Structures are given as C-alpha cells and as structure tokens.
Amino acid sequence: MKLDRLWINARVATMEPDGEPYSAIVTGAVGCRGGRIAFIGESAEATGHDAVETIDCEGRWITPGLIDCHTHLVYGGDRAAEFELRLEGASYEKIARAGGGILSTVTATRNADEEALVRASLPRLDALLAEGVTTVEIKSGYGLETSAEIRQLRAARRLGYERQVGIETTFLGAHAKPPEFEDTGSYIDHVIGEMLPAVHAEGLADAVDAFCEGIAFSPAEVERLFEAAHSLGLPVKLHAEQLSGLHGATLAAKFGALSADHVEYADASDVAAMAKSGTVATLLPGAFYTLRETKAPPVDLFRKAGVPMAIATDANPGTSPLTSILLTINMACTLFRLTPEEALAGVTRNAARALGRDSDIGTIELGKWCDLAVWDIERPAELAYRIGFNPLHSRVWRGQ
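The shown structure was predicted, so the numbers you read here are calculated from the model rather than taken from an experiment.

(A) Molecular detail of the domain arrangement of the chain. You can read the domains of the chain as domain 1 (2-64 + 363-396) and domain 2 (66-355). Relative placement of domain 1 and domain 2: their C-alpha centres are 30 Å apart. Every contact between the two is made by 26 residues of domain 1 and, on the other side, 21 residues of domain 2. Here domain 1 packs against domain 2, burying approximately 1,700 Å² in sum over the two surfaces, 62% of which is carbon and sulfur. On the domain 1 side of the interface with domain 2, the three residues burying the most area are Met15, Ala384 and Arg395, jointly 35% of the side's total. Inspection of the region where domain 1 meets domain 2 yields zero salt bridges. Linking domain 1 with domain 2 are seven residue pairs in polar contact (both at pLDDT 80 or more), by the criterion used here. Of all the secondary structure elements, the ones that give two or more residues to the side of domain 1 that touches domain 2 are strand E5 (61-64), strand E14 (372-375), helix H15 (382-385) and strand E15 (392-396).

Next up, the structure:
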C-alpha cells in the first residue's frame, strides 16, 4: 500500500489505554493515506512502505493532535474590567447578579454580526493551533436569543473553514437568563420550544449543554432541556458542580451525558453515577485559577472509580480568558495534582471521549484521522513541566 506521508525515526506516544507509559513506541513511525492513519509501528517496519513524502523526525516525539474539548471561543467584547473588580474583592456571583458576568458578554455578542464574531475569534483559535490543537469544541451561550445563538454557532462552524481544524459545536442556550425574561422557568420554556428546534433544524449543534448552578438553572430545569435534546437525538453535557453541589453531575449521568464539566463540588454519589454511565469528568483549571477557587475537583475519587478525566481551557471572556492548552496541562498538574500522563490523556484520548469522537481522534491508531503534534522534547512530561514555552515542531491535521 502506498502512503501519502510517512513520519519515521520518531518516539511515538500513541496514548492508547494499554497500561504502558504513554503507550510509547521508542523508535516509531506513523503513516497516513487519505487523511487517516494507515501505518503505526517501528521505523524498521516502515521501510517496506512506499510513500509520496517521507519525513525524518530525528528523534522528536509525536503525540495525537491535542483536543480542547470545552471552550466558549466565539463571543463579542471582553471583560477585563471585571478582572479588576474581582481583584478588588467582588465575587463572581456578585458581579453576575449586578448584570455583569455572562450578561455583559451577551450584550456585546448580540451587537456583533457573524463576520465580526469570526474575525474576533480567529486570533484566539490561532493561539490554540500554535500549541498543537487539532480539534476544538465551541459553545454558544452568549446570544441567549434565537438569532444570536444561531449566529454564534454559524461563526463557530465557519472557523473550521478558515483554518485546518476540527470544530465541534455545542448549543448552550441555557447559559444564563437574559434580562428580557422574568424567571428562569419561562426562559427554559423558550429554549426548549423555540431555540433548540431552530438550532437543530439548521444542523448547527453536535451536542446540548447547560449551566446547572444556583445563579443559573436548577436541576429540574436542566432535566426538561435534556429530555428535549434526547427527543431530537442530540447528546448532552453539563456545566456541573462548579460553585456548589446540586448533583448536576448525577443528573448528567442519568442522561448518559458525554461529560460533566468543572465538577469541583462533585461528591462520591456523583462520581459513582458518572462511572456507571461512562460520563467523562472535564476539569477546567483555568476557571479555578482565575476565580481563585480553593475547592479542587475530587481527582482521587475519579481515579478510584475509573472515571475518565479530560482537561480543557474553558476559553471564555470572563472566568477563564485562557487560550493556551499547554498552560492548561501545567495547571491541571500543579493545581489538581494530575500526573503528566493523565494530563496528556486529558487533552487527547479522554478529550475525544468527552466529545463523543473517540472512534476518530484522540489516539494514534489505525483508521483514525491522522491528527498529530510533533514536539522538540526529550520526554512527554515536558509538555506539563514547562510554563510559557512552546516546543511544538509541527502540527498535522488530516495528514496535512
């Protein structure tokens, strides 16, 4: 079989869950054909394969392309002023209840057209791609009205045409109550009755998300939304247990959610439910750091229960203005005490699972998309160890 491209003399971290450190091949090679991985093995075994192009990696490490599985990358405006307020002692909840927080971004996003949203988002996306990211999940949730939510999702999809990157879009209409609604219940009625069907009709959502929290939506309201999403055949995920323990993670697990995200206040019952359902715990250290939180997610409980842990930037204008996946890896280790291998799995194998895409991306295996990152490092732990240093040598998306 003739290959389109063959990378040889590499150390390959396949990140398959086989129990070996990084599932590494010390003198490895990776080949692709038609954008998918067609060879993986020892460099010596690759000599019998003809390739249009052969690339000598000279001992560099290859990992799967990195995956940022939780972002709010498309939005208008910024919230630097709130950063100052928090430093002066204002809490996230106080800012939100005073009309700041998410709602300030809603105003700026509603006032931006699709083209403006795309142009504003491209630099943020480029920052992620420059660190080896090949797939990004992007949520709506800053429109909070049908036309603006659709505009956000269209802009997110367009980013996948502007750059060589996989884009997964998530409808987050239940992010906050907009000011034109008196209560969250009536707004959830609107999300279910109008917004979700309109988004689904245009095929703009790969999943449905919500913010289950005292300052947002109750478990009962989220349950109604999830029932509607399931009736349309859409998978769900949930912002859960970030600021308090409402057992949103258990609710997410009840619906077989792809992931429950943040999960700082998840308890043993939540973890058990997630383990049973296969729901991924997506940890977001950028928000933990920015909000100066002190209650870390129950990493040991997740480990013991076998709950897969993904990590992501949570890139957003207010609580995690972070567009560095490498810094996120470091934060996951320093703040949450993940091992470097767990952190790398969190932005590859487990991140793919959190998107429902683990059959196509996340590990270096035959038949999966050839999404790779080639690194100038001596060992994979360097990706977690260094701060403010980018050792990416080259990035490969779909074999290109």
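(B) Region of the structure containing the UniProt feature "binding site: N-formimidoyl-L-glutamate" (unreviewed entry) in the chain. Taken from the UniProt record, the annotation "binding site: N-formimidoyl-L-glutamate" (unreviewed entry) applies to Tyr142, Asn316 and Gly318. Taken along the chain, the residues just named run across 177 residues; in space they keep tight, none of their C-alpha pairs more than 11.7 Å apart. In the annotated group above, the largest pocket draws its lining from Gly318. The topology assignment puts asparagine 316 in the loop between strand E13 (309-311) and helix H12 (325-336). With relative accessibility at 4%, the residue asparagine 316 sits in the buried group. Leave out the neighbours within four places in its chain, and asparagine 316 touches His72, Tyr75, Tyr142 and Pro321. Polar side-chain contacts of asparagine 316 include one of 2.8 Å to the backbone nitrogen of glycine 318. In this structure, glycine 318 sits in the loop between E13 and H12. Overall, the relative accessible area of 3% leaves glycine 318 in the buried class. Those residues in contact with glycine 318 that lie beyond four places of it in its chain are Arg79, Arg86 and Thr290.

Criteria and cut-off values
Residues numbered from 1 in each chain as written. Predicted model: local features only at pLDDT ≥ 70, side-chain atom pairs only at ≥ 80, totals over all residues. Heavy atoms only, no water. Domains from an automatic or database assignment. Contact = heavy atoms within 4.5 Å. Buried area = accessible area lost by both parts, 1.4 Å probe. Salt bridge = Lys/Arg side-chain N within 4 Å of Asp/Glu carboxyl O. Polar contact = N/O pair within 3.5 Å; in protein donor to acceptor, adjacent residues only side chain to side chain. Helix = DSSP H or I, 4+ residues; strand = E, 2+ residues; numbered from the N terminus. UniProt positions renumbered as here; feature names shortened; annotations may be inferred. 1 Å grid on protein atoms, 1.4 Å probe; cavity = no way out; pocket = protein on both sides within 12 Å on 5 of 7 lines; lining within 4 Å. Buried < 20%, exposed > 50% of the residue type's maximum accessible area, 1.4 Å probe, protein only.

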